[in-house]
Every structure is written in C-alpha cells, then in structure tokens.
Amino acid sequence: MTATIFCRAPVALGVPATYLGFDDTDSPQGMCTTFLATLILDELRRFDLVGLPRLVRLNPNVPWKTRGNAAVCLPLGRGVGGGRICGAINGRPLKCYERGSSVDQEELLSVAAKVLERVAEFDCDKTNPGMVATNKKPSQRFYWRAVREVVPLSDVERELRAVGASWRRYKNGRGVIGAASAASWRPHDRTWEVISYRTPDRIGTKREVDRGSVIRMDHKTKSTFHNYDPGSGHVAITPASPCPVLFGIRGDSADELLRARKMIRGEPPLSWLLFLTNQGTDDHIVRCRIRDLEPGMSVRVQATVAASPRSIEGGHVIVRVSDGDEVDVAFYEPSGDLNRAARRLIPGDLVVVYGSVRDSPRSLNAEKLRVLHLAVARRKETNPLCVMCDKRMGSLGVGQGYRCKRCGARAPASAAGFAETSREIRTGWYEPPVASRRHLYRPIRRMSRDNNSNLL
Ligand code: ATP
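The shown structure was predicted, so the numbers you read here are calculated from the model rather than taken from an experiment. (Residues numbered from 1 in each chain as written. Predicted model: local features only at pLDDT ≥ 70, side-chain atom pairs only at ≥ 80, totals over all residues. Heavy atoms only, no water.)

Okay, the overall build of the protein chain next. Of regular secondary structure, the protein chain possesses eleven helices and 28 strands. Expressed as lengths along the three principal axes of its C-alpha atoms, the size of the protein chain is roughly 100 × 50 × 40 Å. The 456 residues of the protein chain split such that 54% are buried. Per element, the accessible surface of the protein chain, about 20,200 Å² overall, is 48% carbon and sulfur. The protein chain carries 71 positive and 49 negative side-chain charges, and their two centres are separated by 4 Å. (Helix = DSSP H or I, 4+ residues; strand = E, 2+ residues; numbered from the N terminus. Buried < 20%, exposed > 50% of the residue type's maximum accessible area, 1.4 Å probe, protein only. Areas by Shrake-Rupley, 256 points an atom, 1.4 Å probe, with all protein chains shown as cover. Lys, Arg positive; Asp, Glu negative; His and termini not counted. Charge placed at Lys NZ, Arg CZ, Asp CG, Glu CD.)

Set out below in structure tokens:
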C-alpha cells in the first residue's frame, strides 16, 4: 500500500462511505471532540474507516466556540483491500482503507450517538452537541460558509433534509452546524495532524512530554510545523487545557507525521489517531476591500500605509492603512516579529494585511503581514534657499513650510533639502510566533508551496 491512501479523500476517488460528523461535545473543563472520535471508532469496530478521520476547523470568530472551533467527520463503511495503519486505540491498531462501501446511516448514527451521550459535557452551558450521519455529503458550500461566516442552524437542517441525512441534536442543537460542515468539507488544500491521547488516570495532571525530544523532532522533520517556538522555548504540540490530548503534531506529510510521533518521549499514550485536516490552510481568509469589512470576518486586505505607526499601552502598535477607504490595523505585542515589523512601516509602504475584523472600534487584528513595496524614507537635511536673498529660510512649523526672514518670501515644506535614509525593514512576509497563531493560520513556510493562491 502506498502513501496515497493518506493523500486522497474518498470523495475525490468517488468512493462511497457514510460520513459521521459530530461537534460541540467538550467544555473548557474537559473532553475533546477528536477524542470522541477514538471512543466512537472503538465502539464501531464492525465498520471500517474508508479514508482518514477529518479534523475540520471552522470560523475562528464564532462567539460560542470553546477553544479552537473544531469539528470531526469519520468516513465509515466496509473497507476493501489491505488498508493502512492510521492509529491505535487502547493498543488496538486501527486501519483505514482506500476503497470501500457505505453502510446504513441510521444504524451508524444510533450506535455513535450512544457514545456521544455517554461522554459529552452536557452540564456545560456552552455544550450543545450535534451528530450527523449521511451517505450523501452536504454541499461544500456549507463548509465554506461555516469556516468564514456565522451559519444559522435552520439553513444547515434544510440542507441535511435535502441530502437525506440522519441527525441528532442535543440542547439547542448548535453542534449540528459544525457536524454537518465537517461532513461537507472537500479537502483542496489540506494538512495532517497526528494526535496522541492520555490514559484516564493522567488527564488533568501536568503533561510529561520531553522538551528535548520535541526540539529534535522539529529539527529532524521537514514537513511538520507549529511544533516549537525557539524564541520563547514554548512547546506548541501540547495543549494548555485539561483535555485528553497528550500532544498533536501537524504537518504536510502523513508519512512523516507517523515517524514524528515516535520521536516524542514522555508519558505512554492511551491511543493515537491520524487526521486529515484543514489546519494551516487559511481557508478562513477572504480577500476584501476595506469598505466591505464586516465584524467577525477574517480577511486579506491590500493597502497603503496612510500614517506613521502609533504605539499604545501594552506595547501594541496601530497602523492606519488605506485602499481608498481607511482602517486601523492592530499589531499586538505578543505577535513578536509581526509587531516589530509594523513599527518600522512608514506612510506610502504597500502591504497585504491578514487579520480578523473587530467591530468596535472597527479595526483589523493582524494575523500576518506581507510588505510588497517600501516607500523611500527621507530625512530633512537643509531648509530651502531664498532665491532672492540667497539665504536659508526659516521654518514655520511642522508641515507649514518656510519663510525668508529678510524678504518674507515663502516656500512649501517639500522645498527643503532631503537625504534618503535606509529602511530597517525588507519586503516579504512577517508572522507571529507559533504560540500566537490560530489553527487555520497558514504558516509562511506553507505559502511558498502554492504561490498561485497568494499572488495578488
Ligand atoms: P474544541 O476546539 O475544543 O473542539 P470548539 O472550540 O470546537 O471546541 P465547540 O464546543 O465545538 O467549540 O463549539 C462551537 C460551536 O459553534 C458548535 O456548536 C458548532 O456547531 C458551532 N459553529 C461552528 N462554526 C459555526 C459557524 N460558522 N456558524 C455558526 N455556528 C458555528
């Protein structure tokens, strides 16, 4: 079996499967929707994975998300062929198959829903689980809407009825939105994440993951990303919450991730699972003009720096940019290099800003920056000469121009003598440290792989 099984999605091959989507089962105190995937797969041993489990991140700006707005979809059915190991649950190896057939969606749903009902954090106000089983995928329009907009549950349920899906909603049923959207994802750009889970006795305790082994793994693997921040020493593969995840390694090669997992030293995991994901793809970003910015959108705006950067309390920097209309862009202090680059911009620089739109005051919170063109920086060297008196004129104040003290002749501010000064910034990409990036954030090292979608 070649590596292709990890690269192709069943839908791309026209392979039938039954798609089981679920979401909104966790709370800040515990659980994780990806961990539920391992519990369901353990329970549904009579079905096979036809393609990899999918971890689908949705709109990072929805107000009711718990953490990273993740939803999961399992393509299940009867596998054909040899299959390939894509995980281990309680020590039992798990295979996924390149080809297979779909199964009875109702039967699948009723078994999987029992697992959800057993473990979902129903006591948490914000937890509103949803589960969808369907032999026909919902339109991919729902994925694109759910990763970029706020989608009403009624729209999603109408689509589920149209494709003949079966679904369960709990409490306010909001989880059905994420569950259906994960099922509707057709991977175009995609990455993988291998996640290891903790044994029950350790959940909630300090994670034992050897930092040195993470650094070694980071150095030895070419296609993994968001592992470690050399600047701060922050290990990014371990979450901060008390959830069952021990660590998750992200990357552009499924095969390399399987090797990377084995390089990590620390407490013994209970289970592990490889996911196909939309993480690191920038799918949430919409190209936009400033006049079209709406709160909650994540956008890419090309504009010219309109005023010198302003520092505000806390080390944050505000840069006003214009594309005919104007907006302030906030570069927060923890964004490191991004914040430092913003400080060095000057009026006239041409930039592309990626960020999310804040409502009040209407502004952009910068996620990353590309400097396309640098304006010439000049320093005033001499006041202009009066052509009548051959004497240097006196300044009338900043931007007010000049006047000859003898004859009263006037000259504009631009008449002074200027010298070009060097810039402390280059054209190119600037990004925040690993710890300050969103799950959907496409790292710059991934941008160069596919320049077409990033050229302006
Ligand atoms: P975790 O990342 O830990 O799994 P979470 O951050 O995903 O948690 P959830 O508990 O899943 O948070 O809550 C997100 C809720 O928002 C879900 O009910 C999901 O269906 C819903 N949701 C996700 N995206 C959208 C969207 N674009 N529009 C409306 N609702 C959405």
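Packing of helix 3 (residues 33–43) against helix 4 (residues 105–119) brings their axes to within 9 Å, and their N-to-C directions diverge by 135 degrees. Of the possible angle classes, the one that applies to helix 3 and helix 4 is oblique. You can see that helix 3 and helix 4 cross each other, and the crossing is right-handed. Residue-level inspection shows Leu36, Leu39, Ile40 and Glu43 of helix 3 in contact with helix 4, the latter providing Val111, Ala112, Val115, Leu116, Arg118 and Val119. The residue makeup of the contact of helix 3 with helix 4, split by class, is eight nonpolar, no polar and two charged. (Axes fitted to C-alpha atoms, helices over the stretch in contact; angles between N-to-C directions. Parallel < 35°, antiparallel > 145°, perpendicular 65-115°, else oblique. Left-handed = near helix turned anticlockwise from the far one by under 90°. Contact = heavy atoms within 4.5 Å. Nonpolar A, V, L, I, M, F, W, Y, C, P; charged D, E, K, R; others polar.)

Bringing the site of the ligand into the picture now. Close to the ligand lie 23 residues, the nearest being Asp24, Asp26, Arg67, Asn69 and Ala70. Separating an oxygen atom of the ligand from a backbone N or O atom of arginine 67 is a distance of 2.6 Å. The backbone of asparagine 69 places a nitrogen or oxygen atom 2.6 Å from an oxygen atom of the ligand. Burial of the ligand by the protein chains amounts to 98% of its free accessible area of 630 Å². Among the elements that line the shell around the ligand, the one with the most residues is helix 7 (residues 175–184), at three residues. (Near = heavy atom within 4 Å. Polar contact = N/O pair within 3.5 Å; in protein donor to acceptor, adjacent residues only side chain to side chain.)

Here we come to the domain arrangement of the protein chain. Each assigned domain of the protein chain is listed with its residue range as follows: domain 1 (4–184), domain 2 (191–277), domain 3 (285–374 + 426–445) and domain 4 (377–421). Each of domain 1 and domain 2 has a C-alpha centre, and these two points are 22 Å apart. At the junction of the two partners, domain 1 supplies 28 residues and domain 2 supplies 21 residues. Together, the buried faces of domain 1 and domain 2 total about 1,900 Å²; carbon and sulfur atoms form 67% of this surface. At the boundary of domain 1 with domain 2, the tally comes to one salt bridge. The residue aspartate 255 makes a salt bridge to arginine 84 at a minimum N-O spacing of 2.4 Å. (Domains from an automatic or database assignment. Buried area = accessible area lost by both parts, 1.4 Å probe. Salt bridge = Lys/Arg side-chain N within 4 Å of Asp/Glu carboxyl O.)

This part is about the packing of aromatic side chains. Summed over all chains, the structure comprises five aromatic pairs. Judged by centre distance (5.8 Å) and plane angle (50 degrees), the rings of tyrosine 354 and tryptophan 429 are tilted. Residue tyrosine 354 is found in strand 21 (residues 350–358), and its partner tryptophan 429 is found in strand 28 (residues 428–430); the two are separated by 75 residues along the sequence. Against the face of tryptophan 272 rests arginine 261, its NZ or CZ located 4.0 Å from the ring centre. (Phe/Tyr/Trp six-rings, centres within 6.5 Å; stacked < 30°, edge-to-face > 60°. Lys NZ or Arg CZ within 6 Å of the ring centre and 35° of its normal.)

Moving on, we get to the nonpolar core. In terms of nonpolar packing, the biggest core is built from 86 residues, with Leu20, Phe22, Ile40 and Leu74 touching the most fellow members. Here the element with the most residues in this core is helix 4; it accounts for seven residues. (Core = buried A, V, L, I, M, F, W, Y, C linked by side-chain atoms within 4.5 Å.)

Successive residues of a regular strand alternate their side chains across the two faces of the sheet. For strand 17 (residues 298–305), the buried fraction is high: six of the eight residues fall into the buried class. In terms of strand pairing, strand 16 (residues 285–287) meets strand 17 through three bridges, oriented parallel. Paired with isoleucine 285 across the strands is serine 298, a residue of strand 17. Pairing between strand 17 and strand 21: seven bridges, direction antiparallel. Pairing of valine 299 across the sheet is with glycine 355, part of strand 21. (Pairing = 2+ DSSP bridges.)

The next thing to look at is the side chain of asparagine 227. Mapped onto the fold, asparagine 227 is located in the loop between strand 11 (224–225) and strand 12 (228–229). Looking at asparagine 227, its side chain comes within polar contact range of the side chain of aspartate 218, at 2.9 Å. Reaching out from asparagine 227, the side chain makes a polar contact with the side chain of threonine 224 at a distance of 2.8 Å. Residues in contact with asparagine 227, not counting those within four places in the same chain, are Val214, Met217, Asp218, His234, Val235, Ala236, Ile237 and Ile249.

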